[in-house]
Amino acid sequence: NNNNNNNNNNEVFAFEFIEKCKEMFEREELEAKKRDEKEKEDNERYARERREKQKHMSEDDSKMKAAIFKDHLVSWKHEGDPKVTPLLETELAADVRKRFKSHPIVCYEKCRFQAHTCRGVTTIKEIKIALKLIILDTKVQTATHPRIFAYRIPNDDDFNDDGETGAGKNLANILRLRGAENVFVAVTRWFGGTHLGPQRFKVINSCASQALEAVGAKGFEKK
């Protein structure tokens, strides 16, 4: 009798355990589905907001932006008419230099990361200047991903993954969620031989956030 009772108790315990596992898996699947739906809704809303802002962008800014995103890796080279003052020699560039900062390099698992920020940015031309300032550094020119960047300005907000799929988008999401305005941020990554997997995105995001906090960018003010 005792053996029968023990067997019955074991069967009941096993049944309850299986049922609890099923409930847990179903709950996790439901939560994952909700997260996916929310992410989809957020992305669609973000895309609508971007399109609405871009309606107010001037034709010149639209053309400059298209050029930056088409060939931004070599945009540091002087590509204009020799009679025209190079962009980095203009008064605007001198002003951007005062607001631009390259932050200390961070090492993680043999890989190196460096954030770059610029506050008070309101035009596409300032974005182009900031990108040029980054790539002037000869060390950056040797990086695996020289300029993963994102920005938010009055008439536009956008990003570029620079070959690190999803990295620029993550930076753009951070700027959006923190309510950042008139700001540019970029992260340079040098591959050190160790594959970091998803962890690399956390490091990139952390570098960018800490740099923006260091310069007191709107949305990143220290509390």
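Rules behind the numbers
Counting restarts for each chain, with residues numbered from 1 along the sequence as it is written. Where totals are concerned, whole chains, interfaces and linings use all residues; where local detail is concerned, this predicted model gives features only for residues with pLDDT of at least 70, and gives and counts side-chain atom pairs only at 80 or more. Each side-chain value is worked out from all heavy atoms of the structure, with water and hydrogens disregarded. Note on classification: 1.4 Å probe, protein chains only; a residue is buried when its accessible area is under 20% of the maximum for its type, exposed when over 50%, partly exposed between these limits. Numbering of helices and strands runs from the N terminus; a helix is a DSSP stretch of H or I covering at least four residues, while a strand is a stretch of E covering at least two. Here a strand pair is declared whenever DSSP counts at least two bridges between the two strands. Aromatic rings from Phe, Tyr and Trp, taking only the six-membered ring of Trp, are treated as a pair when their centres fall within 6.5 Å; an angle between ring planes under 30 degrees marks them as stacked, one over 60 as edge-to-face, and anything in between as tilted. A ring has a charge above it when a Lys NZ or an Arg CZ is no more than 6 Å from the ring centre and no more than 35 degrees off the ring normal. Comment: axis = line fitted to C-alpha atoms, over the contacting stretch for helices; angle = value between 0 and 180 degrees taken between N-to-C directions. When describing relative orientation, an angle under 35 degrees is termed roughly parallel and one over 145 degrees roughly antiparallel, while 65 to 115 degrees is termed roughly perpendicular and anything else oblique. Helix crossings fall into two classes, left-handed where the near helix is turned counterclockwise from the far one by less than a right angle and right-handed where it is turned clockwise. Whether two residues are in contact is decided by their heavy atoms, any of which lying within 4.5 Å being enough. Amino acids outside the nonpolar list (Ala, Val, Leu, Ile, Met, Phe, Trp, Tyr, Cys, Pro) and the charged list (Asp, Glu, Lys, Arg) are all regarded as polar, and Gly is one of them. Criterion for a salt bridge: a side-chain nitrogen of Lys or Arg within 4 Å of a carboxyl oxygen of Asp or Glu.

Novice: How would you summarise the pairing of strand β3 (residues 111–119) if you had to cite specific residues and measurements?
Specialist: Extensive coverage of β3 is indicated by the burial of seven of its nine residues. As defined by bridge partners, strand β2 (residues 106–108) adjoins β3 across three bridges and the pair is classed as antiparallel. Note that in β3 the partner of Tyr108 across the bridge is Cys111. A loop of two residues connects β2 with β3, the two strands running antiparallel in sequence, and Glu109 in this loop sits at a positive phi of about 50°.

Novice: Talk me through the packing of aromatic side chains; I want residue IDs and the actual numbers.
Specialist: In total, this model carries two aromatic pairs according to the counting rule given. Centroid distance Phe149 to Phe184: 5.9 Å. Interplanar angle 35°. Geometry classified as tilted. Here Phe149, found in strand β4 (residues 145–153), pairs with Phe184, found in strand β6 (residues 183–190); they are 35 residues apart in sequence, far enough to count as distant. Here the two residues Phe149 and Phe184 agree in accessibility, since each one is buried. Three or more aromatic residues link up through ring pairs in this structure, and these residues are Phe149, Tyr151 and Phe184. A cation sits over an aromatic face here: Arg112 above Trp190, 4.6 Å from the ring centre.

Novice: I'd love a proper account of the packing of helix α3 (residues 91–99) against helix α4 (residues 124–135), names of residues and values included.
Specialist: Look at α3 against α4: their axes get within 10 Å of each other, and the N-to-C directions meet at 65°. Judged on the interaxial angle alone, α4 and α3 are roughly perpendicular. The handedness of the crossing between α3 and α4 comes out as right-handed. Touching Leu92, Ala93, Val96, Arg97 and Arg99 of α3 are Lys125, Glu126, Ile129 and Leu133, all from α4. Residues of the contact of α3 with α4, tallied by class, amount to five nonpolar, no polar and four charged.

Novice: Provide a residue-level description of the pattern of salt bridges, including the pertinent values.
Specialist: Summed over the entire model, instances satisfying the criterion amount to seven salt bridges. Linking Arg99 and Glu126 is a salt bridge whose minimum nitrogen-to-oxygen distance equals 2.9 Å. One end of the pair, Arg99, is in helix α3; the other, Glu126, is in helix α4, with 27 residues separating them in the sequence. Looking at Arg99, the relative accessible area reads 18%, which means it is buried. Of the residues examined, Glu126 reaches a relative accessible area of 4% and is grouped as buried. Across the pair Lys218 and Glu181 runs a salt bridge whose closest N-O atoms are separated by 3.3 Å. Note that Lys218 is positioned in the segment after α7 (199–214) and Glu181 in the loop between α6 (167–177) and β6, a separation of 37 residues in sequence. The exposure class of Lys218 is partly exposed, given its relative accessible area of 43%.

Distances and angles like these do not, on their own, reveal function.
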